[in-house]
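Survey of secondary and tertiary structure
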Amino acid sequence: MTDCHDLPGFRYICSSKFARLMELMTGKIQDEKRQGEAYAPFAQDPNQYKKRFYIESYGCQMNFADSEVVASILNQEGFGATRNLEEADLIFINTCSIREKAEQTVRKRLTEFKKLKKARKGMLVGVLGCMAERLKAQFLEEEKLVDLVVGPDAYRSLPALVAEAETGQKAVNVLLSRDETYADISPVRLDSNGVSAFVSIMRGCNNMCSFCVVPFTRGRERSRDAASILQECRDLFEKGYREVTLLGQNVDSYYFADEVSGQTITFAGLMKSVADISPLLRVRFSTSHPKDITDEVLKVMAAYDNICKYIHLPVQSGSTRVLQLMNRTYTREWYLAKVDRIREILPDCGISSDIIAGFCTEEETDHQDTLAVMEYSRYDMSYMFFYSERPGTLAQRRYTDDIPLEVKKRRLQEIVDLQGRLSLESNKRDLGKICTVLIEGDSKRSDQDWMGRNSQNKVIVFPKDNTVRQKGEYVTVEVTGCTQATLLGRII
Ligand code: SAM
Ligand code: SF4
């Protein structure tokens, strides 16, 4: 048995059991296992602070990384993070707008804060992130208990906004920026295993996929200063971290023009520089848009042992007609050729995907095309969703959300079932293989077992041997067994 954390095929949607799967399908679970959890660097923080804040995060990894930036900004003002809601003077909820269900979850959570607010005089509630950006001051009208509404590019103004809210005013800053990257802010690691960390390399997105709200909530794409990224990665390595994941909505379009040196840095160049920090530092990245990932990137990946052989390459749909409506700017053939190219240059590369079932006008044949692309690509895992219309997006303005919910759910179920089989087949192909695993900590099930990941991002669980090992160490492991979700092995 595995828990959701150990399920590579379902890490995002977190569904180890059928009931959980049904929750996913009805949209009850919208993202990964971390959804809505509160984090703080310490369970018991010995430091003295003038105020305590509690921060809960929803949505993608970018949002979790942003919460760490928020924590750093507040820390500098004498605010300390707490995991204990009851002792918080400030409650922040860092929100996601990607699907309707994500927003409903936030609304429900806000109603739960009402009682607390009544009981604790002076306590402030702030809404951060994409939902704040989408709804702006309207949020204050709709949710009376909210005191602050702060968009993703306005976190530097948080201390001033808190001061304003303390006077009894409602405080709002949802200005989007063309250049804010929080480059100089060293994030406070809120939920760290001390081994792997996310490093934000860019913000926003210019792609305008027709279903997606991100370009509206996170603004124009901008790349962070390469020197600050390298510094952050070096610091992490010096503190004992052994894996960094470079984060952006579209990492392959990273582009930074260094005014001092006159150099321009592409994603391939950045990745090389991060990998050069130490052969002991693993480098991962997410997400790659199929239209942007280049041979140069694939060749850099091939050239460095410490750049992990794993690419998240969301297809969204396998039908060229639907892809066109989605404004993904590639065809089914282009996507498949990209998969071929990856397999050619990186024969042992893991590939995963995002898939949307039931986009506007999707016919049964389009759905079959999606299943066929999944088969061809042999995804190791996928994040799978049914289409959720988002206000203001191109699709909402141009097309009718015309696929009945039960059809969306049935198609999603078929996609989930197929992915289950593909994940199991992929794991079975690994039986007998020897891999290098970075130990992340104890396995969830037993402190007699280690849990780590191989280069392809697969979770592997193996017994602790008698020699002294610790998390953050690399071990060589033979794959001796598997489930659909997890590899099992032994140290050799
Ligand atoms: N930038 C990434 C990319 O293009 O691959 C994805 C970012 S988005 C936060 C994560 C995933 O959410 C998307 O790849 C898509 O599959 C899904 N998604 C976005 N909008 C959606 C919608 N309106 N309904 C259902 N799923 C959606
Ligand atoms: Fe959304 Fe498309 Fe940008 Fe990804 S690339 S964030 S799906 S608009």
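Residues numbered from 1 in each chain as written. Chains lettered and ligands numbered in written order. Predicted model: local features only at pLDDT ≥ 70, side-chain atom pairs only at ≥ 80, totals over all residues. Heavy atoms only, no water.

Turning next to the site of ligand 1. The immediate surroundings of ligand 1 are formed by 15 residues, with Q249, P314, Q316, D354 and S388 found nearest. In this structure, a nitrogen atom belonging to ligand 1 sits 3.0 Å away from a main-chain N or O atom of F211. Here a nitrogen atom of ligand 1 and a backbone polar atom of Q249 are 2.8 Å apart. Elements with a minimum of two residues in the shell around ligand 1: β15 (350–357) and β16 (381–386). Of the residues in the shell around ligand 1, the class split is seven nonpolar, four polar and four charged. (Near = heavy atom within 4 Å. Polar contact = N/O pair within 3.5 Å; in protein donor to acceptor, adjacent residues only side chain to side chain. Helix = DSSP H or I, 4+ residues; strand = E, 2+ residues; numbered from the N terminus. Nonpolar A, V, L, I, M, F, W, Y, C, P; charged D, E, K, R; others polar.)

Right, let's talk about the nonpolar core for a bit. Ranked by internal contacts, the top residues of the largest apolar core, which has 72 residues, are L246, Y254, F267, L270, M301 and I311. Among all residues touching F267, those that are not within four sequence positions of it are I201, L246, V251, D252, Y254, F285 and V297. If you look at the next biggest cluster of nonpolar residues, it comprises 26 residues, including L128, L158, V162 and Y182. (Core = buried A, V, L, I, M, F, W, Y, C linked by side-chain atoms within 4.5 Å. Buried < 20%, exposed > 50% of the residue type's maximum accessible area, 1.4 Å probe, protein only. Contact = heavy atoms within 4.5 Å.)

Further remarks concern the environment of L422. As for its position among the elements, L422 is in helix α15 (residues 405–429). As a C-alpha pair, L422 and D380 span 42 residues in sequence and 6.6 Å in three-dimensional space. In contact with L422, other than residues within four places in its own chain, are M374, E375 and Y379.

With the rule as written, the count across this model stands at six aromatic pairs. Residues F267 and F285 carry aromatic rings whose centres are separated by 5.2 Å and whose planes lie at 75° to one another, so their mutual orientation is edge-to-face. Residue F267 is found in helix α9 (residues 267–275), and its partner F285 is found in strand β13 (residues 282–286); the two are separated by 18 residues along the sequence. A relative accessible area of 1% means that F267 is categorised as buried. Joined through ring pairs, the aromatic side chains of F211, F359, Y387 and Y399 make up one cluster. Its guanidinium or amino end placed over the ring of F385, R99 lies 3.7 Å from that ring's centre, counting from NZ or CZ. (Phe/Tyr/Trp six-rings, centres within 6.5 Å; stacked < 30°, edge-to-face > 60°. Lys NZ or Arg CZ within 6 Å of the ring centre and 35° of its normal.)

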